[in-house]
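This is what each chain is made of:
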Amino acid sequence: MATIRAEAQRVQGALALLRHAHANPGVTRAAAAASLGLTSGSATEIMGRLRAARLLSERVAPQAGRGRPTSVLVPHPDGPLVAVVEITHATWSVTTAGIGGSLAPAAVHRHAPGDRDVGRGRVEPGTVLARIGGALDALRARFGERLVAVGVAMPGTIRGHTVVQAATLRWRDVDLAVLGGGLTLTAGNDASLAGVAEAARGAARGHQTALHLTVEVGVGGVLLVDGAPALGATGAGGEFGHVPFGDPAVRCPCGAYGCWDVTVDGRAMARRLGRGEPADPRAFAGAVLSAARNGNGDAKAAVAEAAHALGRGVGALLNALDPAVVTLGGLGVDLLAFAGDIFTDAVRRAAMAWRRAELPPIVPAELGSRGPSIGAAESALAAVLAGLTQDRVAGR
Ligand SMILES: [Zn+2]
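By convention here, each chain's residues receive numbers from 1 onward along its written sequence. Local features are withheld for residues below a pLDDT of 70 in this predicted model, meaning they are given only at 70 or higher, and side-chain atom pairs are given and counted only at 80 or more; totals for whole chains, interfaces and linings count all residues. Side-chain figures throughout are based on the complete set of non-hydrogen atoms in the structure, without hydrogens or water.

**Observations regarding the overall build of the protein**
What counts is decided by this rule: Helix and strand labels come from DSSP, where a helix needs a run of H or I of at least four residues and a strand needs a run of E of at least two; each type is numbered from the N terminus. Atoms counted for the radius of gyration: C-alpha only. Globule rule: 2.2 Å times residue count to the power 0.38. Only protein chains enter the accessibility calculation, which uses a 1.4 Å probe; a residue whose area is less than 20% of its type maximum is buried, one above 50% is exposed, and one in between is partly exposed. Contacts are residue-level and defined by heavy atoms, with any inter-residue pair within 4.5 Å sufficient. Where accessible areas are quoted, they stem from the Shrake-Rupley method and a 1.4 Å probe; at the residue level, only the protein chains shown are allowed to cover. Here Asp and Glu are counted as negative and Lys and Arg as positive; His is not counted, and neither are the chain ends. Just so you know, the charge point we use is NZ for Lys, CZ for Arg, CG for Asp and CD for Glu.
Summing up its helical and strand segments, the protein has 12 helices and 17 strands in all. Here the C-alpha radius of gyration of the protein, 23 Å, is about what a compact globule of 396 residues would show, namely 21 Å. Projected onto its principal axes, the C-alpha positions of the protein cover 70 × 55 × 45 Å. Residues classed as buried in the protein amount to 48% of the 396 residues present. Excluding contacts between residues fewer than 6 apart, the proportion of contacts in the protein whose partners are at least 24 apart in sequence is 62%. Of the roughly 18,100 Å² of accessible surface on the protein, a fraction of 53% belongs to carbon and sulfur atoms. Considering the protein, the positive charge centre built from 39 side chains and the negative charge centre built from 32 side chains are found 5 Å apart.

**Notes on the pattern of salt bridges**
What counts, and what does not: When a carboxyl oxygen of Asp or Glu lies within 4 Å of a side-chain nitrogen of Lys or Arg, that pair is called a salt bridge.
What the rule picks out here adds up to 12 salt bridges. Between Glu 58 and Arg 51 there is a salt bridge whose closest N-O contact spans 2.4 Å. The network of salt bridges with shared partners includes Glu 216, Arg 282, Arg 293 and Asp 334.

**Section: helix H10 (residues 340-350)**
Note the threshold: Taking the helix axis as origin, the arc is that swept by the directions to the C-beta atoms.
Looking at H10, one finds that the buried residues are Gly 340, Phe 343, Ala 346 and Val 347. Viewed along the axis of H10, the buried residues span an arc of 130°, placing them on a single side of the element. Turned more than 90 degrees away from the buried face of H10, the exposed residues are Asp 341 and Arg 349. Structurally, H10 contributes buried residues whose contacts are with helix H8 (297-321), strand E16 (325-330), helix H9 (331-338) and strand E17 (362-364).

**Focus on the coordination of the zinc ion**
Note the cut-off: Think of the donor list as every N, O and S atom within 2.8 Å of the metal, or within 3.2 Å for Na, K and Ca; water never makes the list, so a site can look incomplete. Key to geometry: four donors with every angle between 85 and 135 degrees are tetrahedral; four donors are square planar and six octahedral where opposite donors lie over 155 degrees apart and all remaining angles lie between 65 and 115; all other sites are irregular.
Summarising the metal site, the zinc ion is bound by the protein donors His 242 (ND1), Cys 252 (SG), Cys 254 (SG) and Cys 259 (SG), whose distances to it range over 2.0 to 2.3 Å. For the zinc ion, the 4 donor atoms in the first shell make angles of 104 to 113° at the metal, a pattern classed as tetrahedral. We classify Cys 254 as partly exposed; its relative accessible area is 29%.

**With respect to the domain arrangement of the protein**
Our working definition: An automatic or database domain assignment supplies the start and end points of every domain.
One can read the domain layout of the protein as domain 1 (2-75), domain 2 (81-194 + 371-393) and domain 3 (206-365). Between the C-alpha centres of domain 1 and domain 3 there is a distance of 42 Å.

**A look at H8**
Under the convention used in this document: One less than the residue count of a helix, multiplied by 1.5 Å, gives the span that helix is expected to have.
Relative to the 36 Å expected for 25 residues at 1.5 Å per residue, H8 spans 36 Å between its end C-alpha atoms, a close match to the ideal helical length. A positive phi of about 55° marks Asp 322, the residue just after H8.

**What about the nonpolar core?**
As a reminder, the rule being used: What makes a nonpolar core is a set of buried Ala, Val, Leu, Ile, Met, Phe, Trp, Tyr and Cys residues whose side-chain atoms join them at distances within 4.5 Å.
Leu 17, Leu 18, Leu 50, Leu 56, Leu 73 and Val 82 are the most contacted members of the largest nonpolar core, which has 38 residues in total. Secondary-structure elements contributing two or more residues to this core are helix H1 (2-23), helix H3 (40-52), strand E3 (81-87), strand E8 (147-154), helix H5 (190-201), strand E14 (218-225) and helix H12 (371-393). A per-element tally of this core places H12 first, with 8 residues. When near neighbours in sequence (up to four residues on either side) are disregarded, Leu 18 contacts Leu 50, Leu 55, Leu 56, Ile 99, Leu 385 and Thr 389. In this structure, Ala 299, Ala 309, Leu 318 and Phe 343 belong to the second largest nonpolar core, which totals 33 residues.

**Some thoughts on the environment of Asp 345**
When you line up the elements, Asp 345 lands in helix H10. Here Asp 345 falls in the partly exposed class, since its relative accessible area comes to 41%. Asp 345 sits 30 residues away from Gly 315 along the chain, and the two C-alpha atoms are 9.6 Å apart.

**Points about the sheet that holds strand E12 (residues 184-189)**
To be explicit about the condition: Paired strands are those between which DSSP finds at least two bridges. All axes here are fitted lines through C-alpha atoms, helices being fitted over the stretch that makes contact, and every angle between N-to-C directions spans 0 to 180 degrees.
Taken together, the 5 strands give an open sheet; going across it, the order is E5-E4-E3-E8-E12, and neighbouring strands pair in mixed fashion. Taken across any chain shown, the strands that pair with only one partner, and hence form the sheet edges, are strand E5 (108-110) and E12. Averaged over neighbouring strand pairs, the angle between their axes works out to 20° when direction is ignored. Of the pairings in the sheet, the one linking strand E4 (residues 91-98) to E5 comprises 3 bridges and is antiparallel in character. Its bridge partner lying in E5, Trp 92 is registered against His 109. Contacts between H5 and the sheet are confined to E8 and E12, with E12 contributing the most and set at about 100° to the helix.

**With respect to the sheet that holds strand E9 (residues 157-159)**
Strand order in this open sheet of 3 strands is E9-E10-E11, and the pairing throughout is antiparallel. The open sheet terminates on both sides in strands that have one partner only, identified here as E9 and strand E11 (171-175). Shown here is a sheet whose adjacent strand axes are inclined to one another by a mean of 15°, direction ignored. Here 4 bridges tie strand E10 (residues 162-166) to E11, and the two strands are oriented antiparallel to one another. When the bridges of E11 are listed, Thr 162 appears paired with Asp 175.

This is the structure we're talking about:
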């Protein structure tokens, strides 16, 4: 009995130090020990186990002044890796990340013209998943057993391993399990994973409750509590873009009426400018923003209207969710920069009176377009770290 308890404590101590090193790249052993309340001796002992388990290593840190040399906790050179897959409406990429979460450089591939059913704008899922599968096979051949999980980020509603609906790719009920190849597979919505990344390593870091919203084509996001995404019973929550903050007469491609999604992006700007639906709403929004910056009055009005619609919804979500911080990604960063006053005024008008005096900070996301991949890496690593530590440190 005593042996079992001692073993459980060893595993827990190792997992705590491993998680701390993962969350704080560059941390010294002394600082990690102080944060976790470990004596110097037990930190040294735990590090020995994590090194033997090929999870963490150390390197001597350059020390300012004449203090004792210290060591920085780093990923083990033969340590575990997760494959990180990101699919967007136009591209796909595959890379790796290890303990500490930093991504290896990724080659970004465009969906080939042959992937599209001509005239329908649909990207053929089988073709894309086969190409990604080929890239994952190459990683397996290169890294062997170091590869322990696959994390996928993509637009759309994801439940478990299934893409229930991805409007921009025109996918319905696509199973991603084929990408796992026997490894642990995690999959998530790109905006939700960008939120996970902001909470772990970006602008929402250190806040207990954070709301992240990414505006690209429509708006997606997530509420994060202690860094974990609140995604409901089946993982499909966080579809803030399909809350009816918009015009009840306008039908959204999701099938509902009045969605916030279609009021904040390039499609909204096109309607305001009397144009038809743009083929690439994100690129269209970029062009309108650039015209607005150059002083075009119609473009300025279209940007202002989108910023107002975004702010109105954010104010409503503050009432509903009470986050300590709001991070805005994608087009949201541009709307905040170009029409911040209009945005903030709309937030205040939608917020309950008592809240106006103490609005939480609403800030640009820090991780930009890397957010979804960083979040996918975090999510895949979180799924396997405890099991790996248990297996390797307990010696089973
Ligand atoms: Zn909708």
